[in-house]
Amino acid sequence: MSRYVIFGAGGRAGRRAVAEARRRGHQVTAVVRDPARYDGPADDGVRVAAGDVTDAADVAALAAGHDAAINTAAVIGSDTFFSDAARALVKGLRQAGVDRLVAVGIATLLPGPDGIRLLDAPGFPAEFRPFCLAHAAGLEVLRAEGGGLDWVYVSPAGDFDHEGERSGRYEVREHGDMALRVSYADFAIVLLDEAESPRHRGGHLAVT
């Protein structure tokens, strides 16, 4: 049994990550902004805690004593949330003595078969670009400042299948393809696999 701290545990990916961790018998600290609104898995193995993933002191305090951290938190409409969160995670996890970070990302930062990032491809919808660039800034913080931290940035190779169920299987892909789908439950398997037994380090892992 291991102990994992999961930031953004109230979201769709976060709730599934908590459930997958409990399925495997692990203890979880589920970090949310407002515990009163948390509707994810709740049992003796889950401690629900209020916290701000963009605050390094909060990260350090909440992560202390855990074996790995999983960050599924996301905010739409902020240019700085993902970079602020990445910076706080790098600093806070170091202070807490937690070496492994599994961070959830976005497929549009992946290259297509032509080597061009999906968000830079001709015809990419302009209205989605700010959100993608905010995600990109967070990934760049991990690359630039995450030395000494065993991190991996995980995303669907395409998008989520919002109604999909748990198949228990996934595949790793080298390129992005927005036609591909993965269920949140299967995506959670990836997150816990990488937290338990890291196989990918310091890069962008894409799954379907």
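Remember, predicted model here, so these are calculated numbers, not experimental data.

Along the chain, H204 falls in strand β10 (residues 204–207). H204 sits 49 residues away from S155 along the chain, and the two C-alpha atoms are 7.5 Å apart. When neighbours within four sequence positions are excluded, H204 is seen to be in contact with I106, L109, L110, L139, Y153 and S155. Side chain to side chain, H204 and S155 meet in a polar contact 2.8 Å long.

Let us now look at empty space enclosed by the protein. This model, assessed by the stated rule, comprises one cavity of 30 Å³ or more. By volume, the largest cavity amounts to about 120 Å³. In terms of lining, the largest cavity is formed by 14 residues, of which the most central are N71, F82, A103, V104 and Y153. Broken down by secondary-structure element, the contributors of at least two residues to the lining of the largest cavity are α3 (81–96), β5 (100–104) and α4 (129–145). Among the residues forming the lining of the largest cavity, the class breakdown is eleven nonpolar, three polar and no charged.

With that settled, the discussion passes to the layout of surface pockets. By volume, the largest pocket amounts to about 1,200 Å³. If you trace the largest pocket, you find 44 residues lining it, with R12, T72, A73, A74 and V75 closest to the centre. Of all elements in the fold, only α1 (12–23), β2 (27–32), α4 and β7 (159–161) reach the threshold of two or more residues within the lining of the largest pocket. A total of four residues in the lining of the largest pocket trace back to one element, the largest contributor, which is α1. Taken together, the residues that form the lining of the largest pocket break down as 24 nonpolar, eleven polar and nine charged.

Thresholds applied
Residues numbered from 1 in each chain as written. Predicted model: local features only at pLDDT ≥ 70, side-chain atom pairs only at ≥ 80, totals over all residues. Heavy atoms only, no water. Helix = DSSP H or I, 4+ residues; strand = E, 2+ residues; numbered from the N terminus. Contact = heavy atoms within 4.5 Å. Polar contact = N/O pair within 3.5 Å; in protein donor to acceptor, adjacent residues only side chain to side chain. 1 Å grid on protein atoms, 1.4 Å probe; cavity = no way out; pocket = protein on both sides within 12 Å on 5 of 7 lines; lining within 4 Å. Points joined across faces, edges and corners; volume = space filled by probe spheres on them. Nonpolar A, V, L, I, M, F, W, Y, C, P; charged D, E, K, R; others polar.

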